[in-house]
Amino acid sequence: MQNKPNDNNNVKKRGDCAVLYPDGYINDIEGEKLEGVCDELLQKGCRKFVIDFSNTDIINSIGISIIIGVIQKVRDKNGAIFLSGLKKVNYDIFNIVGLTKQISVFKDEQEALLWASGDNKGVLM
Amino acid sequence: MIDVEVGLDKLLFSLNTLSELADVTVSGNNFYRIIKSSLYMVMGSFPASKGAIFGYDPAKKAYTPIVAKGLGDINDINIHLEEAAIRGFAIYNRPLDLTSNDPAVAMLGPARDMLERLGARLMVFLVVKDEVLGFITINGKFTDDLYTPYDIRVLHVMAQHIAFSLHTHSLLAKLLHKYTENKELYDNMRRIYYDTIHAFATAIDAKDSYTKGHSHRVSAYCTAMSREMHQTLEETEGIRIAGLMHDIGKLAIDKTIINKNSSLTKNEFIELVSHPVVGYEILSKVKFPWKGLPMMTRSHHEKFDGSGYPDGLKSTAISAGARIMALADAFDAMTTDRPYRKKLSFIQAMNELKKCCGTQFDPEVVHSFVSVIRKEVSGKTGDLVILPMLGEELGGSSGIQEYLNTFELPAA
């Protein structure tokens with residue numbers, strides 16, 4: 001298994017929405033830091049999230065488990081979460097495990113933010 | 001053969017996950033990380049949002065969580081299973097759908113309620129060699145889909161990999177337990193062994209009221225010189241023990257001879273000088289973990305020029321240990337009171353060493369001894385061995401440093 005440190009979960013605030021940019025690979029339990037970042041934002045009151053995977057090359061089953069953990073945490077707080085920028089190989093994995101039926105996946109961050117703003121105009125993948 | 005239709009993509013994903021799981025389970029990572037990664041792989045494969053891996057805790061006689069996800073803190077949960085049920089699950093050994101009417105589910109007894117409270121939907125046992133080492137539980141799929149027979153087969157294969165990890169860990173834990181147990185036994189034996197040797201040394205010295213502590217001092221001098229001469233740790237330990245035992249032959253000598261303050265008769269002298277040989281004979285019967293102890297004892301009255309006893313050995317024909325011991329023994333004899341004379345001062349004893357360097361004593365050994373003393377007096381070493389033995393004879397004497405500065409030995 002390839003491993004790459006994933007400690008650079010950049011976060012940007014876009015209006016009332018937090019956009020998370022996980023780096024590199026989410027194929028190791030180190031990727032759990034993403035859940036930690038999300039926890040902190042939830043505690044600060046943030047309830048809208050976009051996770052943009054445009055810089056993420058590999059997501060495996062461990063990564064799926066971590067992302068489900070993030071989604072569950074947001075939903076437990078009645079928040080909303082959207083995904084964007086998934087590379088095809090990663091989108092296929094989301095599709096295989098059925099996650100694409102559970103969560104909206106957008107072409108890119110802008111489309112996800114459009115949807116999150118309530119315009120309902122964002123373009124899905 | 002797969003009895004459900006599974007897409008190629010899903011097959012490849014499963015294959016990739018199983019391959020990664022195999023890598024993780026044999027990786028050098030710590031046990032907790034391996035098991036955590038394994039659980040995440042299981043949960044990400046189906047996918048599930050809640051899951052745990054339990055392992056058997058012999059101390060609690062229960063299965064306790066090793067790792068959990070999505071369940072909060074469940075560390076205080078202990079799952080008790082009947083022994084008959086455990087034996088049954090070892091044979092059954094396939095994933096259980098806890099919502100089904102499978103008779104195996106009923107075998108869980110009260111544990112079933114506990115598992116339901118954890119939201120467990122599937123349970124798979126971690127079995128190696130008919131032993132249920134633990135189990136995995138996961139809740140229903142995050143996607144609300146049902147688990148398919150294919151999912152259950154994949155879960156079973158994943159469980160076999162994880163069981164292997166648990167088994168390896170369990171073997172290592174047992175090995176570590178045995179090692180600790182044996183080490184404690186060994187340490188106890190070693191302590192008894194050393195205590196016995198020290199008791200012998202005390203008994204030897206008790207034969208002579210003038211030589212109280214002689215064996216311990218000789219042992220300390222020998223150790224310091226051995227270190228200075230860069231002997232191996234094993235050699236140094238050997239000579240330390242030999243120092244304690246070197247006069248063991250005196251136990252067989254009449255006490256009145258040892259303590260006599262007038263001239264010895266010929267027979268008394270013969271008896272007294274027999275102690276190295278007697279000591280050798282005693283120690284030869286003991287299997288020591290160090291080499292050469294009996295010979296060190298036999299030869300500690302040999303002289304470098306061949307004029308010593310009992311064998312008249314010369315130079316390197318005398319073992320290194322015995323050459324070191326000869327100096328240590330003589331130096332301590334010189335610097336302590338004897339029935340027939342008062343002790344020499346430190347400076348007198350050092351002059352005697354110098355005088356006998358190359359005749360009675362091996363020059364290399366004399367150099368090492370002087371080097372240790374110099375280091376101790378100058379404060380270059382905090383590990384003081386010789387100075388404390390000399391007591392007030394040396395303490396606070398500023399002239400010693402000056403004396404040592406001008407003290408010269410013939411080249412070794």
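Residues numbered from 1 in each chain as written. Chains lettered and ligands numbered in written order. Predicted model: local features only at pLDDT ≥ 70, side-chain atom pairs only at ≥ 80, totals over all residues. Heavy atoms only, no water.

Observations regarding the sheet that holds strand β2 (residues 17–21) of chain A
Residues and elements named next belong to chain A.
- Spatially, the five strands line up as an open sheet ordered β1-β2-β4-β6-β7, and their pairing is mixed. Two strands lie at the open edges of the sheet, namely β1 (10–14) and β7 (105–106), each paired on one side alone.
- Alignment of strand β6 (residues 80–84) against β7, held across two bridges, turns out to be parallel. Its bridge partner lying in β7, Leu83 is registered against Val105.
- The strands that helix α1 (residues 33–43) touches are β1, β2 and β4 (48–52); relative to β2, the one it contacts most, it runs at about 165°.
- Contacts between helix α2 (residues 61–76) and the sheet are confined to β4 and β6, with β6 contributing the most and set at about 150° to the helix. (Pairing = 2+ DSSP bridges. Helix = DSSP H or I, 4+ residues; strand = E, 2+ residues; numbered from the N terminus. Contact = heavy atoms within 4.5 Å. Axes fitted to C-alpha atoms, helices over the stretch in contact; angles between N-to-C directions.)

Considering the packing of aromatic side chains
Residue and element names in this part refer to chain B.
- Applying the stated criterion to the full structure yields 16 aromatic pairs over all chains.
- Between the aromatic rings of Phe54 and Phe135, the centroid separation amounts to 4.8 Å while the plane-to-plane angle is 25°, which identifies the pairing as stacked. Pair noted here: Phe54 is in strand β1 (residues 51–57) and Phe135 is in strand β5 (residues 131–138), with a separation of 81 residues, a long-range link.
- Accessibility expressed as a relative area gives 0% for Phe135, which makes it buried.
- Each ring, one from Tyr221 and one from Phe369, has its centre 6.0 Å from the other, and the planes form 80°; the classification is edge-to-face. Here the residue Tyr221 occupies a position in helix α7 (residues 214–228), and Phe369 occupies one in helix α15 (residues 363–378), the gap between them amounting to 148 residues.
- Look at Tyr221 and you get buried, because its relative accessible area is 0%.
- By relative accessible area, Phe369 is classed as buried at 0%.
- Just above the ring of Phe407 sits the side chain of Lys354; from NZ or CZ to the centre is 5.4 Å. (Phe/Tyr/Trp six-rings, centres within 6.5 Å; stacked < 30°, edge-to-face > 60°. Buried < 20%, exposed > 50% of the residue type's maximum accessible area, 1.4 Å probe, protein only. Lys NZ or Arg CZ within 6 Å of the ring centre and 35° of its normal.)

Things to note about the confidence of the model for chain A
- This prediction gives chain A a mean pLDDT of 87; 87% of its residues lie at or above 70.
- For the stretch residues 1–8 of chain A, pLDDT sits under 50, and the model shows 24 contacts to residues farther than four places along the chain or on other chains. (pLDDT = per-residue confidence, 0-100.)

Digging into the pattern of salt bridges
- Applying the stated criterion across every chain yields a total of 29 salt bridges over all chains.
- Glu35 of chain A is the salt-bridge partner of Lys69 of chain B, the closest N and O atoms lying 2.4 Å from each other. Pair noted here: Lys69 of chain B is in strand β2 (residues 62–69) and Glu35 of chain A is in helix α1, and the two residues belong to different chains. With respect to class, Lys69 of chain B is no different from Glu35 of chain A; both count as buried.
- Where Lys141 of chain B meets Asp151 of chain B, a salt bridge forms, and the shortest distance between an N and an O atom there is 2.7 Å. A residue pair is termed long-range when its members are at least 10 positions apart, and Lys141 of chain B in the loop between β5 and α6 (149–206) and Asp151 of chain B in helix α6 qualify at ten residues.
- Given a relative accessible area of 9%, Lys141 of chain B falls into the buried group.
- Beyond isolated ion pairs, a larger network of salt bridges with shared partners links Asp28, Glu30 and Lys33 of chain A together with Arg33 of chain B. (Salt bridge = Lys/Arg side-chain N within 4 Å of Asp/Glu carboxyl O.)

Description of the interface of chain B and chain A
- Counting from both sides, the interface comprises 24 residues of chain B and, opposite them, 24 residues of chain A.
- Summing both partners gives a buried area of about 2000 Å² for chain B against chain A, and 61% of it is carried by carbon and sulfur.
- The tally of links from chain B across to chain A stands at five salt bridges.
- The partner of Lys36 of chain B in a salt bridge is Glu32 of chain A, and the shortest N-O contact between them spans 2.8 Å.
- Inspection of the region where chain B meets chain A yields seven residue pairs in polar contact (both at pLDDT 80 or more).
- When contributions to the side of chain B that touches chain A are tallied by element, the ones reaching two or more residues are α1 (8–25) and α2 (31–45) of chain B. (Buried area = accessible area lost by both parts, 1.4 Å probe. Polar contact = N/O pair within 3.5 Å; in protein donor to acceptor, adjacent residues only side chain to side chain.)

Concerning the sheet that holds strand β3 (residues 96–97) of chain B
Residue and element names in this part refer to chain B.
- Taking strand neighbours across the sheet as the criterion, the five strands line up as β2-β1-β5-β4-β3 in an open arrangement whose pairing is antiparallel. Strands with a single pairing partner mark the edges of an open sheet, and in this sheet they are β2 and β3.
- Where β1 lies against β5, five bridges are found, and the strand directions are antiparallel. Paired with Ile53 across the bridge in β5 is Ile136.

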